[in-house]
Amino acid sequence: MSLNNFFYDGQVRRFITQFIRIVSNFQVEFGAGRDGVPTLQRVPVIYGDSSRQAATIIRNNSENFLNTVPAMAVYISGLQFDRERLQNPTHVGKMFLRDRQKNPYTGEYTTDPREIITVERLMPRPWMLTLKLDIWTSNTEQKLQLIEQIGILFAPDFEIQSTDNYVDWSSLSYVLLTDVSHSSRSVPIGTNDTIDIATMTFQMPIWLSPPARVLKMGVIHKIINSIYESDGSLSSAILDDERLLSRQYFTPLQYGTILLGNEIQLVRYDLPTNDPLGDQIMKKVTANSTSNTTITMSSSTDIQEGMITNIGGIETTVISVTDNQVTLNQQVNVSLGDRLSFTQITSKIGASENWRDLINLYGNLIAGSSKIKFEMSDGNEIIGSVAYHPQNQNVMLWSADQDTLPQSTLAPVNAIINPQKLRTGSQLPDPTQGTRYLLTEDYNQTANVADQSIYNWSGSSGVPLQASAGDIIEYNGQYWTVPFQSSSVTSTEYVTNLTTMRQYRWDGENWSKSYEGYYEAGKWQLIL
Amino acid sequence: MPRLSMWRERHSNDYRFQDRRASEIYTIGGTDVFVHKIVGTYSQIQSVTISNAATQGDTVLTLPNVANYEIGMTVSGVGFAANTVVRQVNSVANTITITSGISTNLDAGSPVSVFWNTPDRPNYLNESERNIQDLLFLENRDRKYDSDVYVLRGIYQVSDNDFDLQQFGIFLSADTILVSFHLNDTVSKLGRKLMSGDVIELPHLKDYYPLDTDIPAALKRYYVVQEVTLEAQGFSLTWFPHTIRAKCTPLVDAQEYKDILNYIESGAFHANGDPIMVSEIQSTRNRLNEINDAIIQQAQVNVPQSGYSTENLYKQPLREDGFPGDPTGTTTDNTNVSVDSTITQVDSQNNTRSVDIPGYLVGDGKAPAGWPVTHSTSFPTDATTGDFVLRTDYVPNRLFRFDGRRWTKVEDAVRSTLGSDPTNSTQLDNFINERGTYRDSQGIEQPVQQALSKILKPGADN
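Now for a look at the structure at hand. Bear in mind that the values here come from a model prediction, so they are computed numbers and not experimental data.

1. Things to note about the overall build of chain B
And step 1. Helices and strands together make up the secondary structure of chain B, namely six helices and 24 strands.
And step 2. For 462 residues, the compact-globule formula gives about 23 Å, and the C-alpha radius of gyration of chain B, at 35 Å, lies well above that figure.
And step 3. Viewed in the frame of its principal axes, chain B has a C-alpha envelope of about 135 × 65 × 40 Å.
And step 4. Evaluated residue by residue, chain B yields a buried proportion of 44% over its 462 residues.
And step 5. For chain B, contacts bridging at least 24 residues in sequence account for 58% of all contacts bridging at least 6.
And step 6. Element-wise, carbon and sulfur atoms account for 50% of the exposed surface of chain B, whose accessible area totals about 24,600 Å².
And step 7. If you average the places of the 40 positive and of the 57 negative side-chain charges in chain B, the two averages end up 8 Å apart.

Shown next as structure tokens:
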């Protein structure tokens, strides 16, 4: 394997630097001299394996320069691979971190976070670094002063760090004093007057780390778990979707979302949700009301709290229902005879969840650039850019990428209705040619003759209409026809409800909202 | 006719004739050798003068500064009985109490010596090159050299030298020279033979061209005499020696030669007019210290404190239920923060606790996200939710956060500066670099750091 990218982090160098720091700033005491008071002299510590050229510079290129003593020198006497400490070399340790932003003017950290990053660290390799500390002294007293000061540091080890970087898992080590040679001289000294050097030998079990991979964490991970593949190959089971036998999705904090129109809400995992199909309840207004939140309906049957209705272009929500009085969350103007459509929408019960709180767990949202993807039940994904709602922290605005949305394949319907509860000319307006409804219940002559007579959905030749739940019926100007017979359609079809402007999908068996609604944890992704 | 013989029991005229010829050889053919003559070692007794007059029988003496004095130190001088020692030290009043009253009146300014009586390191009353400073290790460390420089003539074989690169720098490999001197000339000038410890300078080896051209003086070549023997070539027909051979090695900037190097003026001056000494310009010490400082600074950059820094990391605020809290740190009353608003911490409080970043030695006593911290030894009574207090009376200091009902521990400030930094709070540093003092029951300030061998050492009763 060739290295295409140069890599050098000075890891051994940093340990040597720290070691020199450990043995630096020691002093020896000189006795009283001409000035009558003892003095302390610092003992310099240098790296002992200097180049001749640097040594010449230090000596000022002169034979007359005086070498100073006492002095200490540190040098490497051994660097071996330490196989006994070798651990799983392919292990990758991951950390998800984010740091704080810096004020560009002051350079100081602010309270705001930056984007979250993923740090992938490959298992470092163990090495044993052996250092020697040579102590050159001019007399025994000096030597003992230094040994006494240095010797008490090690018992027998001394903790050492090469960095204080939180992600550097190889920065911590220890220095182990393994040997002390009191003097380089022999006793008796004889005729040679060599300099006297004490040597301390230290071992340092260090780690050499390969470069880490730092990635911008762009999504709330769908962590795929519980994978088993028959041939026992875990890697292929992960990479090859066809081989997956089971897959579980986990989202951090297990948040789900509700997508309605261009708004997304957070749903905590323990909050119950209501995700209905969204059929309409049609009621007539029985009294004029101006700038009022309460309106009087012909009946409040089936109208529930949380339903929405669109009155004069204003979408309002039902707050409460008392007898035939319906209280809305906004003031509206209605007139006697108006027909209002109430639709049950996907909702949750519980406190609102702040988007910013969650986003800040993972990074910074960039309006218009950050995206949220939803995985629909058929496995297809829709995607749209997001931005914080300017007034409501609990709502994220979602601007769909139209190319990812499914296109309607059927002519739109005016509403989704229960034909056994609504009838034209009453709750429903008089039909015109082309009026279409998606039925949520059967309308069958033999099913309930009494109801059929009440709602009087007429088919061709004056016979009662016969349609099933899931069918789409259409008025041709004279009677109702069934252009979409659900029992005979097996292909996937899409249709839009003109009342709510929501799209629905026929999967061959059932109607469901095509992409709006509740997405549980793991079925949506945030791309920051 | 007496038998012919050059041998005489005493120095004869033959000897003197030949000795003069030998001397002339050195005068004519030799080179000047400047000799720094060792005259002994410096006394380690610290002599001071008493501040106030004392009368006969007094046991309390007032001195300028008693900070370095300890009980048991010997006191000597005129009027002091033998074996008088310090019985008590009062660093507030700057007085010492001695075991025996003085035998005579002493005026202010009278000299007194206070020192440890160490038989293996005797305090010689005389000054002599025969004294040995340390009788245990048999070495003279704080050598005293004659302030006069003696000029001799010497002859030696100049040889080529190679630099030997060693761990402490480069040394001259053939660094031992054998210098021949005329014996009687040496004795007549020095009063004795050259001896081990004498330092010589060879003026003909001055280096006028060091690499650093800012060095204000030529670099001198010094050697220290290791041993002196009679030279084989210096014997005449009379069998008497006329020359000596000094085995010399290059001088190093060591404790033993401070009395030379620190007091020889280089000929240049500091900006304030003080002379620049040879040791300042000719030793590698300053350069090595600079190199050492640079390494320490780099080490400080790499690891400013023990443990790991998480100050730069964002700590996610948490609600009480464990879900993510408000990262803006606004107060609980302000729940509707505009997306476009610029969040500042000036007017806001961190009303939620933050996630802990686990790790070894990560506690630094700083609040998450840089929220302000009050350093105190007690909790404030008017705290509001989110206030942080670092209790400095805890060891290690402990960071608390007020959650509206109680002060909850956030972390201990376990990170410490390293090295010789005064704020180093590691256990080892607390013992090694302890600088504190305490005041004992008698009001005397005592150092906290003491050697085990000297603590509670029994003193004399009288």
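Still more to cover.
2. Things to note about the overall build of chain A
And step 1. Secondary structure summary: chain A contains six helices and 33 strands in total.
And step 2. Relative to its 528 residues, chain A shows a buried fraction of 45%.
And step 3. A separation of at least 24 residues holds for 64% of the contacts in chain A among residues at least 6 apart in sequence.
And step 4. With an accessible surface of roughly 25,300 Å², chain A has 47% of that area assigned to carbon and sulfur atoms.

3. Description of the environment of Asp275 of chain A
All names here are of chain A.
And step 1. Looking at where Asp275 falls in the secondary structure, it is placed in the loop between β14 (273–274) and β15 (280–284).
And step 2. Under the relative-accessibility criterion, Asp275 is labelled partly exposed at 40%.
And step 3. The spacing of Asp275 and Ser347 is 72 residues in sequence and 6.5 Å in space, taken between C-alpha atoms.
And step 4. Non-local contacts of Asp275, meaning those with residues more than four positions away in its chain, are made with Thr346, Lys513, Gly517 and Tyr518.

4. Considering the sheet that holds strand β14 (residues 243–250) of chain B
All names here are of chain B.
And step 1. Strands sit in the order β1-β8-β11-β14-β13-β12 around a closed barrel of six strands; the barrel is antiparallel. Pairs of neighbouring strands in the sheet enclose a mean axial angle of 45°, with direction left out of account.
And step 2. Pairing of strand β1 (residues 31–41) with strand β12 (residues 199–201) involves three bridges; the strand directions are antiparallel. For Val35, the partnering residue across the bridge sits in β12 and is Ile200.
And step 3. Against the sheet, helix α2 (residues 183–190) touches β1, β8 (143–156), β11 (177–182), β13 (222–230) and β14, its axis set at about 160° to β8.

5. Structural notes on the sheet that holds strand β5 (residues 86–90) of chain B
Residue and element names in this part refer to chain B.
And step 1. On the basis of which strands lie adjacent, the open sheet formed by three strands has the order β3-β6-β5 and antiparallel pairing. One side of each edge strand has no neighbouring strand; the edge strands of this open sheet are β3 (60–62) and β5. The average undirected angle you get between the axes of adjacent strands in this sheet is 25°.
And step 2. For β3 and strand β6 (residues 95–98), the ladder comprises three bridges, and the chain directions are antiparallel. Residue Val60 lies in a different strand from β6, and its bridge partner there is Thr97.

6. A few points about the packing of helix α1 (residues 11–22) of chain A against helix α5 (residues 285–302) of chain B
A pair of packed helices can be characterised by two numbers: the angle between their axes and the separation between those axes.
And step 1. Viewed as axis vectors pointing N to C, α1 of chain A and α5 of chain B meet at an angle of 115°, and their least axial separation amounts to 9 Å. As for the relative orientation of α1 of chain A and α5 of chain B, their crossing is left-handed in sense. On the side of α1 of chain A, the interface is formed by Arg14, Thr17, Gln18, Ile20 and Arg21 of chain A, while α5 of chain B contributes Asn292, Ile295, Gln298, Ala299, Gln300 and Asn302 of chain B.
And step 2. For the contact of α1 of chain A with α5 of chain B, a count of residues per class yields three nonpolar, six polar and two charged.

7. Looking at the pairing of β1 of chain B
Residues and elements named next belong to chain B.
And step 1. Of all eleven residues making up β1, nine are buried, and the element is well covered by its neighbours.
And step 2. In this sheet, β8 lies alongside β1 in antiparallel orientation, the contact comprising nine bridges. Along β8, the bridge assignment pairs Gly40 with Lys144.

8. A short note on the interface of chain A and chain B
And step 1. Listed per partner, the contact involves 94 residues of chain A and 101 residues of chain B.
And step 2. Counting the surface lost from both chain A and chain B, the interface buries some 8,500 Å², and carbon and sulfur atoms represent 56% of this.
And step 3. Of all residues in chain A, the largest losses of buried area upon contact with chain B belong to Arg21, Arg34 and Leu66 of chain A, amounting jointly to 10% of the total for that side.
And step 4. The interface formed by chain A and chain B includes four salt bridges.
And step 5. Here Asp164 of chain A ties to Arg415 of chain B by a salt bridge, and the two come within 3.0 Å at their closest N and O atoms.
And step 6. At the boundary of chain A with chain B, the tally comes to 46 residue pairs in polar contact (both at pLDDT 80 or more).
And step 7. Among the residues making up the side of chain A that touches chain B, the classes are represented as 37 nonpolar, 34 polar and 23 charged.

9. Comments concerning a nonpolar patch on the surface
Residues and elements named next belong to chain B.
And step 1. A surface patch of nonpolar side chains, amounting to about 260 Å² of accessible area, comprises Ile132, Leu135 and Leu138.
And step 2. In this structure, Leu135 sits in the loop between β7 (111–115) and β8.
And step 3. Taking relative accessible area as the criterion, Leu135 reaches 41% and is therefore assigned partly exposed.

10. Comments concerning the pattern of salt bridges
And step 1. Enumeration over the complete set of coordinates arrives at 30 salt bridges over all chains.
And step 2. Salt-bridge contacts for Asp259 of chain B lead to Arg34 of chain A; the nearest nitrogen and oxygen are separated by 3.1 Å. Of this pair, Asp259 of chain B sits in helix α3 (residues 258–261) while Arg34 of chain A sits in the loop between β1 (27–30) and β2 (39–42), each in a different chain.
And step 3. Asp259 of chain B gets classed as buried once you look at its relative accessible area, which sits at 6%.

11. Notes on the packing of aromatic side chains
And step 1. In the structure shown here, the tally under the stated rule is 22 aromatic pairs over all chains.
And step 2. Note on Phe154 of chain A and Phe202 of chain A: the rings are 4.8 Å apart at their centroids and 45° apart in plane angle, and the pair reads as tilted. Residue Phe154 of chain A is found in the loop between α3 (140–151) and β8 (157–161), and its partner Phe202 of chain A is found in strand β10 (residues 196–208); the two are separated by 48 residues along the sequence.
And step 3. Owing to a relative accessible area of 7%, Phe154 of chain A belongs among the buried residues under this scheme.
And step 4. Connected via pairs of aromatic rings, a cluster forms that spans Phe379, Tyr394, Phe400, Phe402 and Trp407 of chain B.

12. Some details on α1 of chain A
Counting along an α-helix, one turn takes 3.6 residues, and residues three or four places apart therefore face a common direction.
All names here are of chain A.
And step 1. Spanning twelve residues, α1 covers 17 Å between terminal C-alpha atoms, matching the ideal 16 Å at 1.5 Å per step.
And step 2. Counted residue by residue, α1 has eleven buried out of twelve residues, so it is predominantly covered.
And step 3. Restricting attention to buried positions, one finds in α1 the residues Gln11, Val12, Arg14, Phe15, Ile16, Thr17, Gln18, Phe19, Ile20, Arg21 and Ile22.

13. Comments concerning the environment of Thr273 of chain A
Residues and elements named next belong to chain A.
And step 1. Topologically, Thr273 is positioned in strand β14.
And step 2. For the pair Thr273 and Leu465, spaced 192 residues apart in the sequence, the C-alpha separation amounts to 36 Å.
And step 3. Not counting the four nearest positions on each side in its chain, Thr273 is found in contact with Val267, Ser347, Lys348 and Tyr518.

14. Overview of unusual backbone geometry
The bulk of non-glycine residues show a negative phi, and the bulk of peptide bonds are trans.
And step 1. Backbone torsion omega between Val69 of chain A and Pro70 of chain A reads 10°, so that peptide bond is classified as cis.
And step 2. Along the chain, Pro70 of chain A falls in the loop between α2 (52–58) and β4 (71–81).
And step 3. Cis geometry is found at the peptide bond from Val395 of chain B to Pro396 of chain B, where omega equals -5°.
And step 4. Within the secondary structure, Pro396 of chain B is located in the loop between β20 (388–391) and β21 (398–402).
And step 5. Positioned with a positive phi, Asn60 of chain A is a non-glycine residue whose angle comes to about 60°.
And step 6. Structurally, the position occupied by Asn60 of chain A is in the loop between α2 and β4.

15. A closer look at α2 of chain B
Residues and elements named next belong to chain B.
And step 1. Along α2, the residues classified as buried are Leu183, Thr186 and Leu190. Along α2, the residues classed as buried sweep out an arc of 65° about the axis, all on the same side.
And step 2. Each element contacted by the buried residues of α2 is listed here: β1, β8, β11, β13 and β14.
And step 3. One or two residues past the end of α2 sits Gly191, with phi positive at roughly 90°.

16. Digging into the environment of Tyr308 of chain B
And step 1. On the secondary structure map, Tyr308 of chain B appears in the loop between α5 and β17 (317–318).
And step 2. Between the C-alpha atoms of Tyr308 of chain B and Arg415 of chain B, which are 107 residues apart in sequence, the distance is 7.8 Å.
And step 3. Beyond its immediate stretch of four places on either side in the chain, Tyr308 of chain B contacts Gln161, Thr163, Asp164, Asn165, Tyr166, Asp168, Ser171 and Leu172 of chain A together with Tyr360, Leu361, Val362 and Arg415 of chain B.
And step 4. A distance of 2.8 Å separates the side chain of Tyr308 of chain B from the side chain of Ser171 of chain A, its partner in a polar contact.

Reading the values: the criteria
Residues numbered from 1 in each chain as written. Chains lettered and ligands numbered in written order. Predicted model: local features only at pLDDT ≥ 70, side-chain atom pairs only at ≥ 80, totals over all residues. Heavy atoms only, no water. Helix = DSSP H or I, 4+ residues; strand = E, 2+ residues; numbered from the N terminus. Rg over C-alpha atoms; globule rule 2.2 N^0.38 Å. Buried < 20%, exposed > 50% of the residue type's maximum accessible area, 1.4 Å probe, protein only. Contact = heavy atoms within 4.5 Å. Areas by Shrake-Rupley, 256 points an atom, 1.4 Å probe, with all protein chains shown as cover. Lys, Arg positive; Asp, Glu negative; His and termini not counted. Charge placed at Lys NZ, Arg CZ, Asp CG, Glu CD. Pairing = 2+ DSSP bridges. Axes fitted to C-alpha atoms, helices over the stretch in contact; angles between N-to-C directions. Left-handed = near helix turned anticlockwise from the far one by under 90°. Nonpolar A, V, L, I, M, F, W, Y, C, P; charged D, E, K, R; others polar. Buried area = accessible area lost by both parts, 1.4 Å probe. Salt bridge = Lys/Arg side-chain N within 4 Å of Asp/Glu carboxyl O. Polar contact = N/O pair within 3.5 Å; in protein donor to acceptor, adjacent residues only side chain to side chain. Patch = residues over 30% accessible without salt bridge, like charges linked within 9 Å, V, L, I, M, F, W, Y side chains within 5 Å. Phe/Tyr/Trp six-rings, centres within 6.5 Å; stacked < 30°, edge-to-face > 60°. Expected span 1.5 Å × (residues − 1). Arc of directions from axis to C-beta.

That is the geometry; function is a separate question.
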